[in-house]
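# Report on the structure
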Amino acid sequence: MDLETDVAVVGAGAAGLSLVLNLARPPVGVRPLDTVLLTAPPGPARAAPRTWCFWERGAGPYDEALTARWEHLRVRAPDGTVVTRTIAPLTYKMLSSDAFETLVADEIAVSGRARRVQAAVERIEPVPDGARVHGRLPDGGPVTVRARWVFDSRPLPSLPPARTTLLQHFRGWFVRTRTPVFDPDAVELMDFRTPQPAHGLSFGYVLPVGPCEALVEYTEFSRQVLPGGQYDRVLRRYVEDVVGLDDYRVSATEHGVIPMTDAVFPRQCAPHVFRIGASAGATRPSTGYTFSAVQRQTRAVADALHAGRRPLPPRPHSARARLMDAVLLHALDSGRVDGPAFFSRLFARVPPVRLLRFLDGATSLPEDLAVGAHVPTAAMLTSALRLPFTPRRTRPAA
């Protein structure tokens with residue numbers, strides 16, 4: 001099979017789907033671009049169903065597909081002290097990958113200018129004024145897509161060199177209970193009543209979608225993932241001993257590993273081939289949140305394509321945000337900063353809307369300094385001074 005198109009998008013994760021959706025919604029009077037979305041066939045290369053969480057002001061473009069939304073966030077310190085904050089006019093939102101994929105598929109069908117091809121991509125070959133994507137169809141037959149522009153959202157085989165890399169690794173259960181036990185109005189954003197690793201931190205995370213149903217996760221920021229079945233053991237301990245559930249059943253699970261790194265990610269592979277999403281640095285190093293940065297990046301790429309400009313994806317986070325994250329990662333990894341105490345203090349003392357804007361990289365320098373007044377100054381300053389002398393190392397991707 002040989003295809004020709006304006007744009008080829010490799011990978012149907014958050015970044016690939018978001019770019020296709022933005023391309024399917026051109027400004028009034030602008031010609032829609034022909035687009036081919038190449039998705040991995042069922043198997044190890046295809047990502048398992050997962051959820052994305054993000055916050056935004058008011059109504060958003062994906063509200064019709066949301067699983068749930070909240071206006072209250074709760075953080076629990078290791079000693080059980082509770083801080084509950086109202087984040088209006090922001091809303092914390094939960095979107096499943098299956099619902100997002102359906103939304104994009106419906107939009108593709110309406111636009112008539114996008115095609116979805118299920119194929120395992122083997123290589124991307126630069127050619128004059130474009131690139132060829134070579135892949136293999138589920139029946140084993142070859143497919144070649146010739147495109148003016150190619151955007152690759154697949155995970156990198158190895159991470160770029162970094163001074164500090166922690167892994168955010170988690171295991172989640174979708175649980176149902178016989179009786180109402182969850183507060184559907186508030187997200188348990190960070191519950192630090194969990195055993196803490198030697199380097200980094202751990203916490204429980206509870207997303208209630210109703211009084212009797214929630215996604216409950218055990219999350220850890222540390223250097224290495226846990227052995228095999230340990231995730232279920234620590235998650236069961238959290239669900240039963242900390243949350244206090246006894247009569248429940250698990251209806252589904254999710255598991256993930258997200259690199260939190262100060263590496264500098266390349267955004268261009270060839271003159272007409274670019275990377276987008278987490279493989280282009282969309283993951284916020286200090287939190288692991290990715291979805292909002294993916295939206296900013298893919299909207300900018302679509303705007304450039306619709307305007308006829310060179311569509312180099314912008315860096316998802318500012319230089320100042322990346323520097324602050326690098327210092328925090330170094331401080332957490334070295335043990336100079338107590339992670340649970342650090343985040344508990346921020347949520348207790350910083351106005352919630354300002355803090356979420358800070359975590360999203362949307363604050364000004366004066367606002368950043370105001371947030372900085374509530375961090376352990378000596379530990380952060382020591383990490384900032386030692387950071388330039390820490391060598392960069394390469395490690396395998398998660």
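Parameters and conventions
- Residues numbered from 1 in each chain as written.
- Predicted model: local features only at pLDDT ≥ 70, side-chain atom pairs only at ≥ 80, totals over all residues.
- Heavy atoms only, no water.
- Pairing = 2+ DSSP bridges.
- Helix = DSSP H or I, 4+ residues; strand = E, 2+ residues; numbered from the N terminus.
- Axes fitted to C-alpha atoms, helices over the stretch in contact; angles between N-to-C directions.
- Contact = heavy atoms within 4.5 Å.

- If you check an unreviewed UniProt entry, the protein chain appears there as Lycopene cyclase from Streptomyces lasalocidi.

## Description of the sheet that holds strand S14 (residues 201–210)
- Strand order in the open sheet made by the 7 strands is S6-S5-S13-S14-S15-S12-S16, with mixed pairing throughout. Either end of the sheet is taken by a strand with one partner, and the two such strands are strand S6 (82–86) and strand S16 (248–261). In this sheet, adjacent strand axes meet at a mean angle of 15° when their direction is disregarded.
- As paired elements, strand S12 (residues 165–177) and strand S15 (residues 213–222) share 10 bridges and run antiparallel to each other. Opposite Trp173, over in S15, you have Val216 as the bridge partner.
- In the packing of helix H5 (residues 319–334) onto the sheet, the strands contacted are S12, S14 and S16, and the crossing angle to S12 comes to about 80°.
- Packing against the sheet, helix H6 (residues 339–349) makes contact with strand S5 (72–76), S6, strand S13 (186–191) and S14, and its axis sits at approximately 45° to S6.

## Description of the sheet that holds strand S7 (residues 90–96)
- Pairing is antiparallel across the open sheet formed by 3 strands, whose spatial order is S3-S7-S4. The open sheet has two free edges, formed respectively by strand S3 (51–57) and strand S4 (66–70), since each of these has just one partner strand. For this sheet, the mean inter-axis angle between neighbouring strands, taken without regard to orientation, is 25°.
- Relative to S7, S4 runs antiparallel, the two being bridged by 4 bridges.

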